[in-house]
Amino acid sequence: KQWYQRRVRGLHEDLNLGKKGKRKIEDPPKGLTDTQLAEHRWQDYLNYDNSSIVKIFVGLLKSTLTCSACNHKSVTFDPFWDLSLPLPRSKGNNPSLQSCFAEFTQEEILDGEEKPTCESCKKRQRCTKQFSIERFPPILVLHLKRFSEVRYRTKLSTKVDFPVDNLDLSEFASSTDQEAPRYDLVGVSNHSGNTFSGHYIAYCRTTGRWHRFSDSSVSGLSRSDIVSPEAYVLFYERRS
């Protein structure tokens, strides 16, 4: 994932036509709908980060904070280059990519020391927080969180069932009126090994056929071998 981010963002910096210097975030006008607020945030981002790379890889994530005391909703939008999805704990069957998205977008309770300040109550309140996808990028990059952040880092070898064709993310879109695109898998970055050493192998779809890339070795790949416990980063292309 780090390699991808360095390379892609490096290309973006070389091609960036946006403003230079310290970023100034302008407050949006009052009374905007969520859709208008999202568009304002997106244009504000493009003022400083405007390249063909951004238009290919960057999406927009919606975060909704709801106060449990007054039910006031605070909505923010943040650009993303990739999404890091948790691996659900499941007994028996392998978790699906949809279940990873469901866990990523499930409502989170913010209480105790995590209480935010409610814009309406003007004091810290118990709130819920939930993510949804506002803008879907042409290339959607998904990072499966295989490395736990506990004291002794471990790698999760959970096999996630992800679709090779026709990934439908409509249930995770911000608006029911929004027509979520369908995606087809075009690449997989696989990690074999453990937290201390390992090897990366890429699976890529070229002209409809799949190939396996391991250092200088290239070979054909069967569709049945694409989904494995070593899948680490998934690359999906939006259908035209």
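Here we summarise the structure given alongside this text. (Residues numbered from 1 in each chain as written. Predicted model: local features only at pLDDT ≥ 70, side-chain atom pairs only at ≥ 80, totals over all residues. Heavy atoms only, no water.)

A few words now on the packing of aromatic side chains. Under the criterion given, the structure shown has five aromatic pairs. Ring centres 6.1 Å apart and planes at 25 degrees place the aromatic pair Trp42 and Tyr45 in the stacked group. Placement of the pair is Trp42 and Tyr45 together in helix H2 (residues 34-48), with a separation of three residues, close to one helical turn. Trp42 gets classed as buried once you look at its relative accessible area, which sits at 7%. These aromatic residues form a ring-pair network of at least three members: Phe147, Tyr200 and Tyr232. (Phe/Tyr/Trp six-rings, centres within 6.5 Å; stacked < 30°, edge-to-face > 60°. Helix = DSSP H or I, 4+ residues; strand = E, 2+ residues; numbered from the N terminus. Buried < 20%, exposed > 50% of the residue type's maximum accessible area, 1.4 Å probe, protein only.)

Take the environment of Lys155 next. On the secondary structure map, Lys155 appears in the loop between strand S6 (139-144) and strand S7 (167-168). Here the side chain of Lys155 touches His191 through a polar contact of 2.6 Å, landing on its backbone oxygen. (Polar contact = N/O pair within 3.5 Å; in protein donor to acceptor, adjacent residues only side chain to side chain.)

On to the sheet that holds strand S1 (residues 59-67). Pairing is antiparallel across the open sheet formed by four strands, whose spatial order is S2-S1-S5-S4. Two strands bound the open sheet, and with one partner strand each, they are strand S2 (73-80) and strand S4 (108-110). With strand direction ignored, the average angle separating the axes of adjacent strands in the sheet is 30 degrees. By the bridge criterion, three bridges tie S4 to strand S5 (residues 127-135) in an arrangement that is antiparallel. Note that in S5 the partner of Glu108 across the bridge is Lys129. Contacts from H2 reach S1, S2 and S5 within the one sheet, and its direction differs from that of S2 by about 35 degrees. (Pairing = 2+ DSSP bridges. Axes fitted to C-alpha atoms, helices over the stretch in contact; angles between N-to-C directions. Contact = heavy atoms within 4.5 Å.)

As a rule of thumb, soluble globular proteins bury nonpolar side chains together. By size, the foremost hydrophobic cluster in this structure holds 34 residues, and its most contacted members are Leu83, Leu97, Phe162 and Tyr236. At the level of secondary structure, the elements contributing two or more residues to this core comprise strand S3 (83-85), helix H4 (97-105), S6, strand S8 (182-193), strand S9 (198-206) and strand S12 (231-238). In terms of residue count, the dominant contributor to this core is H4 (four residues). In terms of nonpolar packing, the next biggest core, distinct from the first, is built from 20 residues, Ile53, Phe77, Trp81 and Val141 among them. (Core = buried A, V, L, I, M, F, W, Y, C linked by side-chain atoms within 4.5 Å.)

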